Amino acid sequence: MLVRYSPWQELNTLERHLNGLLGDTKVPSARFEKALIRVPAAELQETKDAIHLKLELPGISAKDLDIQVTQDAVHISGERKSETKTEEKGTTKSEFYYGKFQRVIPLSTRVQNTNVTAEYKDGILNLTLPKTEQEKNKVVKVNL
């Protein structure tokens, strides 16, 4: 029996395999659950006077967070505690992550770590990190 070779069929098969692999990274899979390290998503915005750091921390109360700011980095750690529920019937499948995390976010310029302001609302932590006076007025002469 003669079978016709089709390179497109192989590409389709490869695409299905890649989609399967990438699909597992979007939603945590049970087989990789213990190997994944989860850190909160961050967003940095730098202005002339300050650095604004926004962290996504859903389901974590403010008392379970530890935030430390040095002149050149922000260290954040915390824990999302699991709720124990007792149910008589049915099964529960959860993709929520419970446990401890920590993250260090290096800053591009030095900040006044004694004047940091924080606001935590609806699972979003906003830090305003004012720059040091040296960084605000920093002028560099370029020689030609």
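Here the residue numbering is sequential within each chain, running from 1 through the sequence in written order. The predicted origin of the model limits local features to residues at a pLDDT of at least 70 and limits the giving and counting of side-chain atom pairs to 80 or more, whereas totals for whole chains, interfaces and linings rest on all residues. Side-chain metrics in this entry use all non-hydrogen atoms of the structure; hydrogen atoms and water are not considered.

Q: It is not clear to me how the pairing of strand S2 (residues 50-56) should be interpreted in this structure. Could you clarify?
A: On a regular strand, each side chain points to the face opposite its neighbour's, so the side chains alternate between the two faces of the sheet. A strand pair is defined by DSSP finding two or more bridges across the two strands. Starting at the N terminus, helices and strands are each numbered in turn, a helix being any DSSP run of H or I of at least four residues and a strand any DSSP run of E of at least two. Judged from the five bridges that link them, strand S1 (residues 42-46) and S2 form a sheet pairing that is antiparallel. Within S2, the position partnered with glutamate 46 by the bridge is isoleucine 51. Joining the antiparallel neighbours S1 and S2 is a turn of three residues. Both S2 and strand S7 (residues 124-130) contribute to a ladder of seven bridges, which runs antiparallel. Paired with leucine 53 across the strands is leucine 127, a residue of S7.

Q: Would you mind showing me how to read the side chain of glutamine 112 here?
A: Its place among the elements puts glutamine 112 in the loop between strand S5 (99-106) and strand S6 (117-121). As used in this structure description, the phrase polar contact means that two N or O atoms lie within 3.5 Å; if the pair is within protein, one of them must be able to donate a hydrogen and the other to accept it, and residues adjacent in sequence are counted only when both atoms belong to side chains. Polar side-chain contacts of glutamine 112 include one of 2.5 Å to the side chain of asparagine 115. Here lysine 131 takes part through its backbone oxygen, which lies 3.0 Å from a polar atom of the side chain of glutamine 112.

Q: I tried to follow the nonpolar core on my own but got confused; where do I start?
A: Soluble globular proteins: nonpolar side chains tend toward being buried together. Among the nonpolar cores identified, the biggest contains 16 residues, and Leu53, Leu55, Leu57, Val74 and Leu129 are the most heavily contacted of them. Throughout, a residue-residue contact means that at least one pair of heavy atoms, one from each residue, lies within 4.5 Å. Sequence-distant contacts of leucine 55, that is, excluding residues within four places in its chain, are made with Pro40, Ala41, Ala42, Ile76, Ile105, Gly123, Ile124 and Leu125. Nonpolar core, defined: a set of buried Ala, Val, Leu, Ile, Met, Phe, Trp, Tyr and Cys residues in which side-chain atoms within 4.5 Å join the residues together. Only protein chains enter the calculation, and the probe is 1.4 Å; a residue is then buried if its accessible area is under 20% of its type maximum, exposed if over 50%, and partly exposed in between.

Q: Got a minute to help me understand the sheet that holds strand S4 (residues 73-80) in this structure?
A: Strand pairing in a sheet is mediated by backbone hydrogen bonds. Such pairs are either parallel or antiparallel. The antiparallel open sheet is built from three strands, whose spatial order is S3-S4-S5. In this open sheet, the two edge strands, each paired with only one partner strand, are strand S3 (65-69) and S5. Here the average twist between neighbouring strands, direction ignored, is 10°. Sheet topology note: the S4/S5 ladder contains eight bridges and is antiparallel. Each bridged residue has a counterpart across the sheet, and for arginine 80 the counterpart in S5 is glycine 99. Axis angles are defined between N-to-C directions and span 0 to 180 degrees, where every axis is a line fitted to C-alpha atoms and, for a helix, only to the segment in contact.

Q: I tried to follow the side chain of aspartate 64 on my own but got confused; where do I start?
A: Assignment of secondary structure puts aspartate 64 in the loop between S2 and S3. Under the relative-accessibility criterion, aspartate 64 is labelled buried at 18%. Once residues lying within four places of it in the same chain are set aside, the contact partners of aspartate 64 are Ser77, Gly78, Glu79 and Lys81.

Q: Hey, could you run me through the confidence of the model for the protein chain in this one?
A: Interpreting fine coordinate detail is not advised for predicted regions of low pLDDT. In this model, the protein chain carries a mean pLDDT of 79, and residues with pLDDT of at least 70 account for 76%. Confidence scores labelled pLDDT are given residue by residue by the predictor and lie between 0 and 100. Ranking the helices and strands of the protein chain by mean pLDDT puts S7 first, with 95, and helix H1 (residues 7-26) last, with 67. Confidence drops under pLDDT 50 across residues 24-35; counting only partners more than four residues distant or on other chains, this segment forms nine contacts.

Q: Any chance you could explain the pairing of S7 here in plain terms?
A: The pairing of S6 with S7 spans five bridges and is classified as antiparallel. Of the residues in S7, the one forming a bridge with tyrosine 120 is leucine 125. Adjacent in sequence and paired antiparallel, S6 and S7 are bridged by two residues, among which aspartate 122 carries a positive phi angle near 55°.

Q: What's the story with the pattern of salt bridges in this structure? I'm lost.
A: For side chains of opposite charge, pairing can occur when their charged atoms come near one another. When a carboxyl oxygen of Asp or Glu lies within 4 Å of a side-chain nitrogen of Lys or Arg, that pair is called a salt bridge. Taken as a whole, this structure holds three salt bridges when the rule is applied. Where lysine 54 meets glutamate 43, a salt bridge forms, and the shortest distance between an N and an O atom there is 3.9 Å. Here glutamate 43 lies in strand S1 and lysine 54 lies in strand S2, a separation of 11 residues in the sequence. We classify lysine 54 as partly exposed; its relative accessible area is 36%. Linking aspartate 64 and lysine 63 is a salt bridge whose minimum nitrogen-to-oxygen distance equals 3.9 Å.

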